[in-house]
Amino acid sequence: MKRIRRRFALKDKALKTTYAGAIWAMKRWFRGNQPMTEKMGGILDRLYLEFGWKTRIMAALSGRVLYHTLKKEEARLAKGWSYEPKPLYEKNAQALALEKNQPKGFDSIAATVRWVTGELSPVFSSISTNAIK
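Fair warning: this is a prediction, and the values are worked out from it, not measured in the lab.

The rules we used
Residues numbered from 1 in each chain as written. Predicted model: local features only at pLDDT ≥ 70, side-chain atom pairs only at ≥ 80, totals over all residues. Heavy atoms only, no water. Helix = DSSP H or I, 4+ residues; strand = E, 2+ residues; numbered from the N terminus. Buried < 20%, exposed > 50% of the residue type's maximum accessible area, 1.4 Å probe, protein only. Areas by Shrake-Rupley, 256 points an atom, 1.4 Å probe, with all protein chains shown as cover. Axes fitted to C-alpha atoms, helices over the stretch in contact; angles between N-to-C directions. Parallel < 35°, antiparallel > 145°, perpendicular 65-115°, else oblique. Contact = heavy atoms within 4.5 Å. Polar contact = N/O pair within 3.5 Å; in protein donor to acceptor, adjacent residues only side chain to side chain. Left-handed = near helix turned anticlockwise from the far one by under 90°. Nonpolar A, V, L, I, M, F, W, Y, C, P; charged D, E, K, R; others polar. Phe/Tyr/Trp six-rings, centres within 6.5 Å; stacked < 30°, edge-to-face > 60°.

> It is not clear to me how the overall build of the protein chain should be interpreted in this structure. Could you clarify?
What the protein chain contains, in helices and strands, is six helices and zero strands. By the burial criterion, 16% of the 133 residues in the protein chain qualify as buried. Counting every atom, the protein chain has about 11,100 Å² of accessible surface; 61% of that belongs to carbon and sulfur.

> When you look at the packing of helix H2 (residues 34–51) against helix H3 (residues 53–78) in this model, what are you seeing that I'm missing?
For any two helices packed against each other, one specifies the inter-axial angle together with the distance between the axes. Closest axis-to-axis distance for the H2/H3 pair is 6 Å, and the angle between their directions is 135°. As judged from the angle between their axes, H2 and H3 are oblique. Contacts between H2 and H3 involve Leu44, Leu47, Tyr48 and Phe51 from the former and Trp53, Thr55, Arg56 and Ala59 from the latter.

> Help me understand helix H4 (residues 93–100), please; the structure alone is not making it clear to me.
Every α-helix winds through 3.6 residues per turn, so residues three or four apart in the chain are directed the same way. Burial analysis of H4 places just zero of its eight residues in the buried class, a small minority of the element. At the N-terminal end of H4, a side-chain oxygen is found 3.3 Å from the backbone nitrogen of Gln94, two or three residues along, and the residue is Asn92.

> Mind showing me how you'd approach the packing of helix H1 (residues 2–29) against H2 here?
It is at 9 Å that the axes of H1 and H2 come closest, and there the two elements cross at 150°. Put simply, H1 runs roughly antiparallel to H2. Of the two possible hands of crossing, H1 and H2 adopt the one that is left-handed. Contact with H1, carried on its side by Asp12, Leu15, Lys16, Ala20, Ile23, Trp24, Met26 and Lys27, involves Thr37, Met40, Gly41, Ile43, Leu44, Leu47, Tyr48 and Phe51 of H2 and no other residues of that element. Tallied by class, the residues present in the contact of H1 with H2 amount to eleven nonpolar, two polar and three charged.

> It is not clear to me how the packing of aromatic side chains should be interpreted in this structure. Could you clarify?
Applying the stated rule across the entire model yields two aromatic pairs. For the pair Trp29 and Tyr67, a centre-to-centre distance of 6.1 Å together with 70° between the ring planes defines the contact as edge-to-face. On the criterion of sequence distance, the pair formed by Trp29 in helix H1 and Tyr67 in helix H3 is long-range, its members being 38 residues apart. Since its relative accessible area comes to 30%, Trp29 is described here as partly exposed. Under the relative-accessibility criterion, Tyr67 is labelled buried at 8%. A centroid spacing of 4.8 Å and a plane angle of 85° characterise the contact between Trp81 and Tyr83, whose relative ring orientation is edge-to-face. Looking at Trp81, the relative accessible area reads 37%, which means it is partly exposed. Residue classification places Tyr83 among the exposed residues on the basis of a relative accessible area of 57%.

Pasting the structure below:
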């Protein structure tokens, strides 16, 4: 029984501090989204009722830190930073020979596609806009 109580105490501590702060930050992050704000507010209210004033204080303190971290991360991603590494393309002798024989002005699709960000290459965007018309 002591082992089970210890395990629940550890989970209880995380709920009182870390999780409450994360939900506080989510509630603030989704301020313009009424259903999400209400959902996060309801969860926070239940945590406050269950764990008391310490959780209310810890949620506000750690939530502010998490919220500002979210804002910094959003700005960093908006500037083009990515979690994925840039793709690396290795070419064998046949591929290099084919590349030399390509007509002038032909861009390699692999060099212009940015899969991680979802941006289309100039080659694909011109194809898709012409196909739609």
